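What the coordinates show
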Amino acid sequence: TDLLKQKPDKNAMVLHRFMPSIPLTYGPFEGAIDIRLIIEADGSVRDAEIVSSSGRPEIDDLYAAAIRRWVYSPAVLHGKPVPQLVRQPFLISLK
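Attention in this report is confined to the structure presented alongside it. Keep in mind that this is a model prediction, so the values were computed, not measured.

Another point: the packing of aromatic side chains. Following the criterion strictly, the structure yields 3 aromatic pairs and no others. Ring plane angle 55 degrees and centroid distance 4.9 Å describe the contact between Tyr63 and Phe90, whose orientation is recorded as tilted. With Tyr63 in helix H1 (residues 57-67) and Phe90 in strand S7 (residues 84-94), this pair connects stretches of sequence that are 27 residues apart. Take Tyr63: its relative accessible area is 8%, and that puts it in the buried class. Judged by relative accessible area, Phe90 falls into the buried class, the value being 10%. Here the aromatic rings of Trp70 and Phe90 are separated by 5.9 Å at their centres, their planes lie at 80 degrees, and the arrangement is edge-to-face. Here Trp70, found in the loop between H1 and strand S4 (71-73), pairs with Phe90, found in strand S7; they are 20 residues apart in sequence, far enough to count as distant. Phe90 shares its class with Trp70; the two are buried.

Next comes the structure, spelled out in structure tokens:
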């Protein structure tokens, strides 16, 4: 929507993070992932799309599922909560 293209007066901020539980058998591994998400006006995550893969789809899926559970204080535009499109990078290091 057009709201996603406007710069809010205040950006959304994470209130509760949930990190993925990654099986030990997935390591050792080091990589990075970048996820694009839409944060709704109620602070929930609508979409979580992998923009840049870690190279391991099973790890990408775990991170995308975890970020869908995050809770935000929503972005604000003209005093009202609005949806916001954001990107969230992660560095992954499994020993």
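Let's shift gears to the environment of Ile22. Relative to the helices and strands, Ile22 is located in the loop between strand S1 (13-16) and strand S2 (29-39). Given the relative accessible area of 17%, Ile22 is considered buried. Along the sequence, Ile22 and Ala48 sit 26 residues apart, while their C-alpha atoms lie 18 Å from each other. When residues no more than four places from it in sequence are discounted, the contact partners of Ile22 are Ile59, Leu62, Tyr63 and Leu94.

With that settled, the discussion passes to the sheet that holds S2. Where strands meet in a sheet, backbone hydrogen bonds hold them as pairs that are either parallel or antiparallel. Pairing is antiparallel across the open sheet formed by 3 strands, whose spatial order is S3-S2-S7. Whereas interior strands pair on both sides, the edge strands pair on one side only; in this sheet they are strand S3 (45-52) and S7. Averaged over neighbouring strand pairs, the angle between their axes works out to 30 degrees when direction is ignored. Here S2 pairs with S3 via 6 bridges, running antiparallel. Its bridge partner lying in S3, Asp34 is registered against Ser52. The strands touched by H1 are S2, S3 and S7; relative to S2, the strand with the most contacts, the crossing angle is about 35 degrees.

Another point: the pattern of salt bridges. Under the definition given, this model contains 5 salt bridges. Here Lys95 and Glu30 are joined by a salt bridge, their closest N and O atoms 3.2 Å apart. Separated by 65 residues along the polypeptide, Lys95 in the segment after S7 and Glu30 in strand S2 bring together distant segments of the chain. Comparing Lys95 with Glu30, the two get one shared label, exposed. Across the pair Arg56 and Glu58 runs a salt bridge, and its minimum N-O distance is 2.7 Å. The class of Glu58 is partly exposed, set by a relative accessible area of 28%.

The rules behind the values
Residues numbered from 1 in each chain as written. Predicted model: local features only at pLDDT ≥ 70, side-chain atom pairs only at ≥ 80, totals over all residues. Heavy atoms only, no water. Phe/Tyr/Trp six-rings, centres within 6.5 Å; stacked < 30°, edge-to-face > 60°. Helix = DSSP H or I, 4+ residues; strand = E, 2+ residues; numbered from the N terminus. Buried < 20%, exposed > 50% of the residue type's maximum accessible area, 1.4 Å probe, protein only. Contact = heavy atoms within 4.5 Å. Pairing = 2+ DSSP bridges. Axes fitted to C-alpha atoms, helices over the stretch in contact; angles between N-to-C directions. Salt bridge = Lys/Arg side-chain N within 4 Å of Asp/Glu carboxyl O.

Function cannot be inferred from these measures alone, as they are strictly geometric.
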